[in-house]
Amino acid sequence: MNQAEFEHIHHHGREDPLSGHELRDIKDAADLYQSSSFKLQIDALLPNVRPKESGRQQLDHFLFALRTHCVSISSIAPMNPLAAAKVLAKQGVAVPFAFPLPSRDAKWKVAFEPPSEMSVVGSWGNGIAVKKQSGSRFGVDLSVEMPEALFQEKDYLDGRFFHKKSYYLAVLAQSISTAFDVDTFYSSALGDPRLTTLVLRTRNGSTSYDFSKSHTEIHVIPVLSSSSPLLLSRLFPSHPNVRLPSSSSPSLFATPIYNNAILLSTYAKEALISTYGLKNALPAFHDAYTLLRVWANQRGYGDGELCVRGFEGKGSFWTGLLRYLILGEELVGTKSGSAKVRKPLGKGLSSFQLFKAALDFLAKQNFDETPVFTKVTNGHRCPPEEYITHHPAVFVDATSTINFLSDVPLTSLDLLSHDARETLEQLSNPGASSDAFADCFLKSRFKLSSRFDAVIRVDLSQASRNQSTLVLVEHGSSDAALLTSIASILRQGLGNRTQAIAILQPVTPCRPISSAESPSTSTIHIGLIYDPAHAFRLVDHGPSVEDQDSNVAKEFRHLWGSRAELRRFKDGRITESVVWDVTTSDERAHIPVSIVRHLLQLHFGISAKYARTLQTPFDSVLRLPDDVRRLHRATGGYKAALAAFDGVVRDLKALDEQLPLALLNVSPISEYLRYTSTFAPLPIPASASTELPESLRFLPTIPIILEFEKSSKWPDDLKAIQKIKLAFFEIIAQSLMTSNPGLKVSVAIGNSSNPFQGCAALEIFTTEGWSFAAFIWHDREATLLDRIIDPSKMFIGPSDQKYNAWEQREAKVAQELYTRRFIHAPRHHRAIANLCHKYSAYSGTVRLVKRWLAAHWLLQTHVSEEAVEIICALPFIGGKQKSTESAAIVPHSKERGFSLVLEFLTDWKWEEPLCLPLYEDDPATAPEVWTSNGPDAVAVHRLRTFARAASKALCNSATELDIKSLFIHPTDDYDIVIQLNPTVLPRYYQNVNAESSIWTRDSHLGITESTPRPGFDPLPLFLADLQSTFTDTLKFFADPFGGDRIGAIWLQSLGTPRSFRALAGFSSKPLSKEDETKDKGRVILNRQAILDDIGRLGTGLVQKITVHE
């Protein structure tokens, strides 16, 4: 390229204006996608979920060969269906007859003629195929049109059409398996034999027809021709087309699902042509369909690990949905009688706009009340009223013949609507998650513990299947009838307690062509998403006593069985009611699961042991052992702690006349007063203290802040201020004990050597056994500390007093404590207490996460409890905008909240800031106040590893996991494990693996000390000594909740010899003579001396020290 050409191109690129298309793309990236990276991610996603061009030639070659073979298959003369099946059985091929099975005396016959037409249909035929969630093969739907001569006008009756179709498919299976070197299978979507197809896969090692590079499998689907003798009018939903042999007269029950299954055999070609027209008329259709299918597949609305009941093999529903949005709605009456027409979308929408429009429709559509009819061109073939009357949910395609939702339970549609709302919330609030694109399109939602508030694993092997013959014929299989009935009963029983109920089942596997029946479903998972406003109510009201003989009352009693009873309420009403008796808040949180178990037992004979959930095991890790609660005769809990706090505040406020300054405010700053302590607070009255063994005598201290009115009489010296605080404490103590003889008040002085740090507190011990520690806040301290740290901040000239470097360091330490205790702790307490009141599951989530972190020796030592409370707020309040309790993304159970926090910790980069709208003002004023002391890189690595393992365990076994195993900590990777004596640990009863023999031995009773020691726990005291003494040598880990072991790892920097120097910070010894030749005059870490020092420091506390080589 010469210079002139370069200058011309450079000038052209700089001056040429952007085209209208380019300007629109830029505007869409800014407005529609809310970030340019989101659009780039979509552009990168689309080609990766579509079929590659490689291998298409081999696939086409096989399809042509397959067609040539099929049209040349010899005809088979008509014969009795059972006799024909027997002939094929001798060749190793079973005929997948549907129910009711044909009889030997059947007057109709089956036959075979070569197909009149074969076409590639479905998404592959239109070039819009999308990769499945499980990464399995693309499906190539091959329609095989059965000649009309094989059928008679009344073949719609008694399953005759399905029997002839099954025989036709079996003949194809026998011939293809013989002629081609491919693997052949039967596949029945939803386990329904009426929907059986023949699956062809390339065989490993095959050289003749190897289409494995295309990553496809071929689905051979027998279909009816448009000129078949079956009358369309006889297949309307209201028509009864099954006559039961046991009945003396033909059945009068409509068979809408049965009829719809026949009509599906006429739909493939019409759907192909209709979708092709949409794809050509609307450029954005292909991309929008791809986005919609990726979104649906990630949530189980298709083939995957688990499938939402009713959506297996429902690919045509998604094209029908977009067709409905584009073409518009047909005007028909709704179930409530009103009519409202949805306007069609314009054809100028982008793919992302069309995708969001589909989600918006699903989020707002109530299929239970409002039927959906796509705009038709030639008028309705079937009266719309028939669909509305005979189907629970109606979504009729543009041909006015197919109801996409005929066999989809309303529970699945409720879940679909909920998932759409959740995604729209994430897209409208990008800050609600770290990566909205990944949450929408990439993240699999098959981890049930983080998707549902409760998950129940149900073993169907024990279910009673007392189904009538008509029900079996209508639904196609016993499993389908059972699951439909379960969905209906649960939706009726739970009512508005849930926003959605999911019935998830494994995708029906392929089976050999020698097997006629599809394997039955042995296990399902039921997922519940609670409505927090109604989920935990104690009473379900039914009809009043005046309506005892009505159908509504009979249905109510039939639904609830012996649980239903007449009750009189305070307002005078007498109604049929179901009352759920609970004694604790944990039991109340189990009410929805208890309802599910009761209904499964009553209606299906599935006992509670076959309906398992993880709620109760999770409760046990937050609850003290039963014998501990019996020994602690005092009743504790958060409400009791708050009541005790209110009593202390009243007592303090009553002292105004006896104090030099009026008390303005008493602020709580304790987790025990904001519902986030791992264990509910438990008081120890003085009278009960002597009866408790040492390992049960831990009494938590509840810190509070006293704020007095401002006064100019406070001294301007930090040391003098601390003396004044001591005087205040003495006056308050004397006054409180005088006015309240039951109180015990004392002034506690810590052992800090910092002259600027307030180390005194007022300890208040109530008659009920609660202990409070009060601190006085004086705002002048902050100014004085600033002046010591930075003398240039003085408004007047420099002071004569000079502060050395040590004093400035101590002032910084005192300033950090002052800021954390008096500024941030009250604000943090208010914010967290507000979250606990606003979100019902937040408190339990925090408690579980704290318990889990403590069990893995990270809480307090490396991760502060306040940091944990902030992290746990993320699933609830989202990002830039606060979420409400009713938002779809907010968890409503502590188990789901715990799982979501684990997912976040698995991939979170701790070094990156986490900003949440938690406080009233800007949270950036002190971004590191709760993480200034940790975690470091080592602790973060361990945290991620534990979170990844726990999250994987929850994902792999949603209801079969031993929950306690999540809280068992491995110690093999520690260099040192220090075993402590549990009999002297007052908090030992909180240990995950606490042994009751420790506190039941008689030798630990008879302690004469009458007053408990509030807050006394030797473990953190000993741990603090170890950390300060060996800070340059070892890193320590321990469980603060009754832990009886301390783990330690050697710092990596001390592994190599180094030159000797004084004050090196660690114990050292000279190198041995063998090693001294290379490193003369160097020293190494004296590990044995350090271990001996640890043993001496822990005399009476340490039992043994284990060293792992």
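Each remark here, short or long, concerns the structure printed above.
Summarised in this report is the structure supplied together with it. (Residues numbered from 1 in each chain as written. Predicted model: local features only at pLDDT ≥ 70, side-chain atom pairs only at ≥ 80, totals over all residues. Heavy atoms only, no water.)

Considering the pattern of salt bridges
- Following the criterion strictly, the structure yields 42 salt bridges and no others.
- With a closest N to O distance of 3.5 Å, Asp368 and Arg491 form a salt bridge. Within this pair, whereas Asp368 is found in the loop between helix H12 (351-364) and strand E9 (372-373), its partner Arg491 is found in helix H18 (residues 478-494), the two being separated by 123 residues in sequence.
- In this structure, Glu865 and Lys850 form a salt bridge, with 3.0 Å as the shortest nitrogen-oxygen distance. Of this pair, Glu865 sits in helix H30 (residues 865-872) while Lys850 is found in helix H29 (residues 842-855), placing the two residues 15 residues apart along the sequence.
- Using a relative accessible area of 10% as the deciding quantity, one classes Glu865 as buried.
- Look at Lys850 and you get buried, because its relative accessible area is 0%.
- Shared partners join several salt bridges into a network, and the residues in it are Glu671, Arg674, Lys850, Glu865 and Glu869. (Salt bridge = Lys/Arg side-chain N within 4 Å of Asp/Glu carboxyl O. Helix = DSSP H or I, 4+ residues; strand = E, 2+ residues; numbered from the N terminus. Buried < 20%, exposed > 50% of the residue type's maximum accessible area, 1.4 Å probe, protein only.)

Looking at the sheet that holds strand E29 (residues 1082-1085)
- Sheet architecture is open: three strands sit in the order E27-E29-E28, paired in antiparallel fashion. Single-partner strands in this sheet number two, and they are strand E27 (1058-1059) and strand E28 (1068-1070).
- Pairing of E27 with E29, which is carried by two bridges, proceeds in the antiparallel orientation. In the sheet register, Arg1058 faces E29, and the bridge partner there is Val1083. (Pairing = 2+ DSSP bridges.)

Re the packing of aromatic side chains
- By the definition in use, this model includes 46 aromatic pairs.
- On the basis of an interplanar angle of 40° and a centroid distance of 5.3 Å, the ring pair of Phe355 and Phe441 is categorised as tilted. Here Phe441 lies in helix H15 (residues 436-442) and Phe355 lies in helix H12, a separation of 86 residues in the sequence. No difference in accessibility class separates Phe355 from Phe441, as the two residues are buried.
- Linked through ring pairs, Tyr267, Trp295, Tyr301, Phe311, Phe317, Trp318, Tyr324, Phe361, Phe367, Phe395 and Phe404 together constitute an aromatic cluster.
- Positioned above the aromatic ring of Phe569, the side-chain terminus of Arg573 is 5.6 Å from the ring centre.
- The ring of Phe775 has Arg821 sitting right over it, with the charged end atom 4.0 Å from the ring centre. (Phe/Tyr/Trp six-rings, centres within 6.5 Å; stacked < 30°, edge-to-face > 60°. Lys NZ or Arg CZ within 6 Å of the ring centre and 35° of its normal.)

As for the pairing of strand E4 (residues 138-146)
- Among the nine residues that make up E4, eight are buried, leaving the element largely enclosed by the rest of the structure.
- As paired strands, strand E3 (residues 117-121) and E4 are joined by five bridges and run antiparallel to one another. Paired with Met118 across the two strands is Val144, which belongs to E4.
- With nine bridges joining them, E4 and strand E7 (residues 216-224) adopt parallel strand pairing.

Thoughts on the sheet that holds strand E15 (residues 539-544)
- As summarised here, the arrangement of the three strands in space is E15-E17-E16, forming an open sheet in which the pairing is antiparallel. The sheet is open, and its two borders are formed by E15 and strand E16 (565-568), each paired with just one other strand. Looking at each pair of strands side by side, their axes are set apart by 45° on average, direction ignored.
- Where E16 lies against strand E17 (residues 574-579), four bridges are found, and the strand directions are antiparallel. By the bridge assignment, Leu566 is partnered in E17 with Glu576.
- Helix-sheet contacts for helix H19 (residues 551-560) involve E15 and E17, and the interaxial angle to E15 is about 150°. (Axes fitted to C-alpha atoms, helices over the stretch in contact; angles between N-to-C directions. Contact = heavy atoms within 4.5 Å.)

Quick look at the environment of Ile591
- Among the structural elements, Ile591 can be located in helix H21 (residues 591-604).
- Taking the relative accessible area as the measure of exposure, Ile591 reaches 2% and is therefore buried.
- Each C-alpha atom of the pair Ile591 and Val242 lies 41 Å from the other, and the pair is 349 residues apart in sequence.
- Ignoring anything within four residues of it in the chain, the contact list for Ile591 reads Arg497, Ala535, Phe536, Arg537, Leu538, Trp580 and Val582.

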